[in-house]
Amino acid sequence: MEQELKKLKEDFERDLAEAKSGTELETLKVKYLGRNSRLAELFSQIPALSGDQRSFWGRRLNQVKKDLAAAWEKATGSTDGQQESLDVTFPSSAVNSGSRHIISSTSQKICLIFQKLGFDIVEGNEIEDEQHNFEALNIPLEHPSRDAFDTFYLNLAEKNNGKYLLRSHTSPSQIRVMQKNKPPLAVISPGRVYRPDVVDATHSFMFHQIEGFAVDTEINFSQLKGVLLCFAREFFSQDVNLRFRPHFFPFTEPSAEVDVSCIICKGQGSKTKTQGKRCSVCKGKGWLEILGCGMIHPKVLEACAIDSKKYRGFAFGMGVERIAMLKYGIDDIRLFYENDLRFLEQFSL
Amino acid sequence: MKFSLNFIQEFLKVNLPPEQLAKKLTMAGMEVEGFEKSGSDWIFNIEVTTNRHDWLSIAGIAQEIAAILGKNLRIKSPQDKKQPLLLERKVIIESNQDCSYYLGRSIKGVNIGPGSQKIQSLVVNCGLASINNVVDITNYCMLKWGNPLHAFDQDKLEGNIYVRRAKKNEFFIGIDGKERVLDKENLVIADSKKIIALAGVIGSKNTEVDDSTKNIFLEAAIFSPLTVRRSRRRAGVDTESSYRFERRVSPEYLEFASQEATRLIKEIAGGVLKGVTKAGQKPKISPKKINISLNGLETYLGVKVPEEKFKTIIASLGFKFQAKAKGQYLLFPPLQRFDLIREVDVYEEVSRIYGYEKIPPQIPFLRKAMDSRVVDRGKDIYRFNSELADYLARLGFKEIISYSLQGREELGSNSTLLGIEIINPLRKQENSLRFSLLTGMIKSLGHNLNRSQSGLQFFEVAHIYLNDRKGFSELPALALGRSGKEDEFFLLKGAVEKVLQYASVQIFEFREEKLPFFSDGLTILSKGKVLGFLGKLDQETVKRFSLKEDLFFAQLNLEELAKISGEKRYKPISPYPAVWRDISIALKKQVSFKEVEEVIKARCKHLVDLRIVGFYQGKNIPAQTTAFTLRIFYQSTDKTLTAQEVDIFHNDARQALSQIKGLELR
Ligand SMILES: [Zn+2]
């Protein structure tokens, strides 16, 4: 076998020296290193050998193969001007990019719109007490109005302000700011909130809200409408409209729920544009509920030692997940917290 | 709540097509969730907000519809006719806090049967089941007036009637057939021997009206909203009756409801009213007075409501009023409305009937005091955090949001590292607040590693919650996570340095430390203050979460970082070239690179940077040794360094390094 190898090497070196073009070199490669080469044939004899012999010749043949390949590589490198062209049809390599999470970027986008209108951005704490989460907001203990705010309670020693809990809305920030600062005030406050809801496609025990409010001597309902319309047009699109429906919240009076004209069917619901088909996003109503708002209840101002005869305010609150789901057509709230790359990557910054 | 349009017609003619009525109701605050035809009737399903107990009655809804249609509806007040007193049975109220007033009527000689078709269909269309003539009539009257009534089979009563708290472990079987063990939280109606009803919630099986009933005891009462709420929560039951009592029922229609029920029973089921018994005092509602000025209304809403319109609206809502000075009115709200107390309540009533859509949108100029302290510039943590998050995205990290709640022993049962406990968790997996962002990172990375992803880098900005001897606290934190192989540690370390550099933190150091859950760890410090840590997740934790790659994790305290974060200042760039020299080093494991670095920094003149340009492995490198080439950059700010000068500096460095035990120059 050693004889064979010696001959093989000689032949190869001779052929290699004579080869001129890239094509000839390629042929050479196939001849000496290809599947039907003499070397390959020698490899195929190895399994038939006995133990010791087998490993010896295995190593030996591999070494020769390596040498030949190295010599061939060296030769091809020196054939100048004969460089192979790139197969540009191969797929691209992965390019890593970072991104913001769709919830934080949506929240930030919303906050910045209000900031431009003159609101300050203030974040509150998530650990709150009953006083700030309920009482100061005119939600008395054991009143049916508390039923809308199921709450996680924390195992922390109770102090003057009642039991500790995880805030069930961002409204306590309103109280905190009003207790600490004198009007005029205009504040927007985003953050996480918690309610013991069993997780499904539309519920989560943790979600995000944005609370906004303004307090001054001349604040009125008409300005509340203006500020929110301005926000909706900036955030969704210039052609959306808002609909204010009277509602009840303990902490505002008058109160309203606000719908935005459906961004998919343009508020048509089931008529004309969609050719009679019911719009699946707004369920044919033409409107999508996006937030709650109202004039701050004088009791709430009074709870913060603000003179309710002199000052008035408006306040509003919205759910970030809901707004992001509407805007981007996301149909399952769980996607936000699963952090699947295939989801995150769809919203690169 | 469901209401039937035919039922409304008993008070008010409504000619509006149902779609239009639904829209008008919704736009006035009575949200119609749906409506459907049922025979000759239309059934509306409405949302009743907690402030509108009056909408839990057809009378109240009719009043609302009248207001929307601009009609005047005067529902007549009940008249107390002379009625025989019931002497054979007394009612004793234990505490008037729980029950202020109790009215009982004895009707004898009734025949139980199916009853009137009309009442049956109205009751059914309002979402209640039809039972028999007497029960249907009590439900009909409850629906109509909002006051729940209850009919007992009088022959099953023994002795007087007591309104009292249940004793601990008293037993009760409701007409729903369910057995309940009661306690002091439960208010009950009892006779001398037994409990006959869970007051205001549900009647008892033992005194239920059935086909053989001949004589009836009809109850109408005012129970305390809070007592009923606690009692029904305790008993784990929610009924049409408790729903109304919890939201307060009006005493105004109580007598009327009871009288009308009596009259209907006589008409439909036969029988004779034998007597009336009363206990307690019918609560007197003192008529409220609210002063309103049209000017005040206009400045609150930002729209002028014409005076005539204003008067029509308040009249149709049932207010009585007196005109005072010009544009000033004294209003007397309808007695059955408890929610109209101050000016703003009237503003809402007027504006919602007038129409929110008639209020024009306006952009305010938001004044702020110039010395406003709402957001202290230097501590604008929101801005700092969101800009930092943008920066991390630019660095190639993907932001995640993970749950703030985790299982209390998810990371092990080390008691010093248990988060703040949640008293009423939904599940064991979410029974505490996290003290670190680690589990969220592990789960998010794990989720993706299980889906054939690899080499991930994530970040999260969120709060962590600590509880120690000083009390509890909540801090904003940043988590960085990379999944992958050994050398990812240094990429993560580089990312941490980038963050510190971004925050213009000039002075910081890494200190080797054994950290829980990490096999190789560093604490990040600045001027003695701990800013955070980074490390490689230990194998125990990797296995605990079945991670398919190693995890490198860093966490920084953003409050601290924001506090020490400096302003950016331009540093002059040297116009003279930097020159580098390499040193190859073999370092025994017991010597850390830090020692090498310290010696070089102390001894090298004009040193501006040092980098590792390669690690070496192979036969020539002894075990327990790391071999690498260090590239040292020399640069002067005031001249070009010559090769000879650099060689001198470099030799100095080599000299110094060769003194280190366990270091070999190669
Ligand atoms: Zn639509």
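About the thresholds
- Residues numbered from 1 in each chain as written.
- Chains lettered and ligands numbered in written order.
- Predicted model: local features only at pLDDT ≥ 70, side-chain atom pairs only at ≥ 80, totals over all residues.
- Heavy atoms only, no water.
- Helix = DSSP H or I, 4+ residues; strand = E, 2+ residues; numbered from the N terminus.
- Rg over C-alpha atoms; globule rule 2.2 N^0.38 Å.
- Buried < 20%, exposed > 50% of the residue type's maximum accessible area, 1.4 Å probe, protein only.
- Contact = heavy atoms within 4.5 Å.
- Areas by Shrake-Rupley, 256 points an atom, 1.4 Å probe, with all protein chains shown as cover.
- Lys, Arg positive; Asp, Glu negative; His and termini not counted.
- Charge placed at Lys NZ, Arg CZ, Asp CG, Glu CD.
- Core = buried A, V, L, I, M, F, W, Y, C linked by side-chain atoms within 4.5 Å.
- Domains from an automatic or database assignment.
- Pairing = 2+ DSSP bridges.
- Axes fitted to C-alpha atoms, helices over the stretch in contact; angles between N-to-C directions.
- 1 Å grid on protein atoms, 1.4 Å probe; cavity = no way out; pocket = protein on both sides within 12 Å on 5 of 7 lines; lining within 4 Å.
- Points joined across faces, edges and corners; volume = space filled by probe spheres on them.
- Nonpolar A, V, L, I, M, F, W, Y, C, P; charged D, E, K, R; others polar.
- Phe/Tyr/Trp six-rings, centres within 6.5 Å; stacked < 30°, edge-to-face > 60°.
- Lys NZ or Arg CZ within 6 Å of the ring centre and 35° of its normal.
- Donors = N, O, S within 2.8 Å, 3.2 Å for Na, K, Ca; no water.
- Tetrahedral: all angles 85-135°; square planar, octahedral: opposite > 155°, others 65-115°.
- Buried area = accessible area lost by both parts, 1.4 Å probe.
- Salt bridge = Lys/Arg side-chain N within 4 Å of Asp/Glu carboxyl O.
- Polar contact = N/O pair within 3.5 Å; in protein donor to acceptor, adjacent residues only side chain to side chain.

A. Fine view of the overall build of chain A. What chain A contains, in helices and strands, is twelve helices and nine strands. Relative to a compact globule of 349 residues, whose C-alpha radius of gyration would be 20 Å, chain A shows 36 Å and is clearly more extended. Dimensions of chain A, computed from the C-alpha atoms along their principal axes, are close to 110 × 60 × 40 Å. Burial analysis of chain A (349 residues in total) assigns 54% to the buried set. Sequence separation of at least 24 residues holds for 66% of the intrachain contacts in chain A that already meet a minimum separation of 6. Working note: accessible area of chain A is about 16,800 Å², and carbon and sulfur atoms make up 49% of it. One finds the centroid of the 46 positive side-chain charges in chain A at a distance of 3 Å from the centroid of its 46 negative side-chain charges.

B. Quick peek at the nonpolar core. Among the nonpolar cores identified, the biggest contains 215 residues, and Phe316(A) and Tyr102(B) are the most heavily contacted of them. Counting 29 residues, the second largest nonpolar core, distinct from the first, contains Leu480(B), Leu492(B), Phe552(B) and Ala562(B).

C. Examining the domain arrangement of chain A more closely. Once the domains are mapped, chain A shows domain 1 (2-76) and domain 2 (102-347). The straight-line distance from the C-alpha centre of domain 1 of chain A to that of domain 2 of chain A is 75 Å.

D. Main features of the sheet that holds strand β3 (residues 41-46) of chain B. Residue and element names in this part refer to chain B. Pairing is antiparallel across the open sheet formed by three strands, whose spatial order is β1-β3-β2. Where the open sheet ends on each side, the last strands, each with one partner, are β1 (2-4) and β2 (32-38). Ignoring which end each strand starts from, the neighbouring axes of this sheet average 20° apart. Here β2 runs beside β3; their pairing, made up of six bridges, is antiparallel. For Phe-35, the partnering residue across the bridge sits in β3 and is Phe-44.

E. Region of interest: the sheet that holds strand β16 (residues 320-323) of chain B. Residues and elements named next belong to chain B. Taken in spatial order, the three strands make up an open sheet running β15-β17-β16, and their pairing is antiparallel. Edge strands, defined here as strands with exactly one partner in the open sheet, are β15 (290-293) and β16. Each adjacent strand pair in this sheet contributes to an overall mean axis angle of 25°, direction not counted. Of the pairings in the sheet, the one linking β15 to strand β17 (residues 328-332) comprises four bridges and is antiparallel in character.

F. Examining helix α10 (residues 307-316) of chain B more closely. By the burial criterion, the buried members of α10(B) are Phe310(B), Ile313(B), Ile314(B), Ala315(B) and Ser316(B). Among the residues trailing α10(B), Gly318(B) stands out with phi positive, at a value near 95°.

G. Summary view of the layout of surface pockets. All names here are of chain B. What the second largest pocket holds in volume is close to 2,000 Å³. What lines the second largest pocket is a set of 38 residues, and nearest its centre among them are Phe-489, Phe-490, Lys-493, Phe-593 and Lys-594. Breaking the lining of the second largest pocket down by element, the ones donating at least two residues are α14 (488-502), β23 (509-512), β24 (518-526), β27 (579-588), α17 (593-603), β28 (607-616) and β29 (625-634). Here the element with the most residues in the lining of the second largest pocket is β28; it accounts for seven residues. Its residues assigned to classes, the lining of the second largest pocket shows 15 nonpolar, five polar and 18 charged. Each of domain 4 (381-564) and domain 5 (579-665) accounts for three or more of the residues forming the lining of the second largest pocket.

H. Summary view of the packing of aromatic side chains. Tallied over the full model, the rule gives 41 aromatic pairs over all chains. Ring geometry for Phe489(B) against Phe552(B): centres 6.4 Å apart, planes inclined by 85°, an arrangement best described as edge-to-face. Here Phe489(B), found in helix α14, pairs with Phe552(B), found in strand β26 (residues 550-557); they are 63 residues apart in sequence, far enough to count as distant. Considering the side-chain rings of Phe615(B) and Phe628(B), the 6.1 Å spacing of their centres and the 55° angle between planes classify their relative orientation as tilted. Placement of Phe615(B) in strand β28 and of Phe628(B) in strand β29 is noted, with a sequence separation of 13 residues between them. Connected via pairs of aromatic rings, a cluster forms that spans Phe114(A), Phe119(A), Phe231(A), Phe235(A), Phe236(A), Phe314(A) and Phe316(A). We note Arg247(B) situated over the ring of Tyr243(B); from NZ or CZ to the ring centre the distance is 3.6 Å.

I. Local environment of the coordination of the zinc ion. All names here are of chain A. The zinc ion binds to the protein through Cys-262 (SG), Cys-265 (SG), Cys-279 (SG) and Cys-282 (SG); the donor distances cover 2.2 to 2.3 Å. The site at the zinc ion holds four donor atoms, and with the angles between them running 104 to 117°, its shape is tetrahedral. Exposure remark for Cys-265: the relative accessible area of 3% places this residue in the buried category.

J. A look at the domain arrangement of chain B. Taken domain by domain, chain B consists of domain 1 (2-69), domain 2 (91-280), domain 3 (290-362), domain 4 (381-564) and domain 5 (579-665). Inter-centroid distance (C-alpha atoms) of domain 2 of chain B to domain 5 of chain B is 93 Å.

K. Up close: the interface of chain B and chain A. Taken together, the contacts link 87 residues of chain B with 93 residues of chain A. Note on chain B versus chain A: buried area summed over both sides is about 7,700 Å², and carbon and sulfur give 58% of it. Summed over the three residues of chain B that lose the most area to chain A, namely Tyr300(B), Tyr382(B) and Ile401(B), the buried surface amounts to 11% of that side. Taken together, the connections running from chain B to chain A amount to eight salt bridges. Its salt-bridge partner being Glu31(B), residue Arg245(A) comes within 3.4 Å of it at the nearest N-O pair. Inspection of the chain B/chain A interface yields 41 residue pairs in polar contact (both at pLDDT 80 or more).

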